[in-house]
Amino acid sequence: MSDGLTLLYQSHSPYARKVLVSAHELGLADRIDVVHHETSPTNRNDPVFAANPLGKVPVLLTPDAGALFDSVVICDYLDRLGGLGRLIPGEGPARYEALRLQALAQGLCDAGIALRWETVRRPEALRYPPLAHGQAMKLLEAYEHLEAQAELGAQVTSGQATIGQIALATALAWLEFRDLPGFRKRAPRLTAWYDDFCQRPSMRATPYDGETQDGGPQ
Ligand SMILES: N[C@@H](CCC(=O)N[C@@H](CS)C(=O)NCC(=O)O)C(=O)O
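Throughout what follows, the structure given in this document is the object of discussion. Note that the structure is a prediction, hence the values are computed from the model and not measured. (Residues numbered from 1 in each chain as written. Predicted model: local features only at pLDDT ≥ 70, side-chain atom pairs only at ≥ 80, totals over all residues. Heavy atoms only, no water.)

**Thoughts on empty space enclosed by the protein**
Next up, step 1: If you walk through the whole model with that rule in mind, you get 1 cavity of 30 Å³ or more.
Next up, step 2: Computed from the structure, the largest cavity encloses a volume of approximately 40 Å³.
Next up, step 3: Looking at the largest cavity, the residues that line it are P14, Y15, K18, A105, Q106, C109, A167, T170 and A171.
Next up, step 4: Mapped by element, the contributors of at least two residues to the lining of the largest cavity are α1 (14–25), α4 (92–121) and α6 (163–177).
Next up, step 5: When we break the lining of the largest cavity down by domain, the ones giving at least three residues each are domain 1 (5–83) and domain 2 (92–204). (1 Å grid on protein atoms, 1.4 Å probe; cavity = no way out; pocket = protein on both sides within 12 Å on 5 of 7 lines; lining within 4 Å. Points joined across faces, edges and corners; volume = space filled by probe spheres on them. Helix = DSSP H or I, 4+ residues; strand = E, 2+ residues; numbered from the N terminus. Domains from an automatic or database assignment.)

**Things to note about helix α5 (residues 129–147)**
Next up, step 1: Spanning 19 residues, α5 covers 27 Å between terminal C-alpha atoms, matching the ideal 27 Å at 1.5 Å per step.
Next up, step 2: Among the residues of α5, A132, Q135, A136, L139, A142, Y143, L146 and E147 are the ones counted as buried. All buried residues of α5 project into a common sector of 140° when viewed along the axis, lining one side. The outward face of α5, more than 90 degrees from its buried face, is lined by the exposed residues K138, E141 and E144.
Next up, step 3: Here the buried face of α5 lies against α4, α6 and α7 (188–197). (Expected span 1.5 Å × (residues − 1). Buried < 20%, exposed > 50% of the residue type's maximum accessible area, 1.4 Å probe, protein only. Arc of directions from axis to C-beta. Contact = heavy atoms within 4.5 Å.)

Dropping the structure here:
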């Protein structure tokens, strides 16, 4: 049953998966119509632009708040719908821990996408290796930083997940899915945390699938 909520989704977008995993965690997934859209800055998608002038997914079409983007805003909306403060703690250090971890995960995805442009997506003659190197370094620094975070050692197959944990797990899963510089050998504690988190039903219900559809000269 849908409550008038439609998610413009993409089965290979880490930002979109973060939203869908959040919906599962909040028990809201069956209240949302999920519609797959391909997007790329080189391949315009008109229905997505009609909802988001940036032409990106995810977008959540809502009956009371219009078309919401980006994923951070959508997760905030869902958290309020599903019982305020379950994914995003309302106050105190826990709130900023969760939001900071989400920001780091967003940055991992942003760097991974930028790296893919410099390695596989941009025509070869237009690639700039120092930029690829700089983006790869961001991934490696982030893995090192995360490995040092004690709380990631906790078992997380059950219990309340935060938006930070969901964002991180969906980001790491996407980095693996796209074969980007890996965290397994470099960050064993982070890897153990991630492997545990992947057992959650919300993660198992939302596997990545598909290829980016770029346009323009190949
Ligand atoms: N900050 C945005 C990022 C969204 C984003 O970059 N989505 C990608 C798919 S993974 C997209 O639609 N890209 C199309 C484009 O850049 O034109 C969010 O968190 O939702």
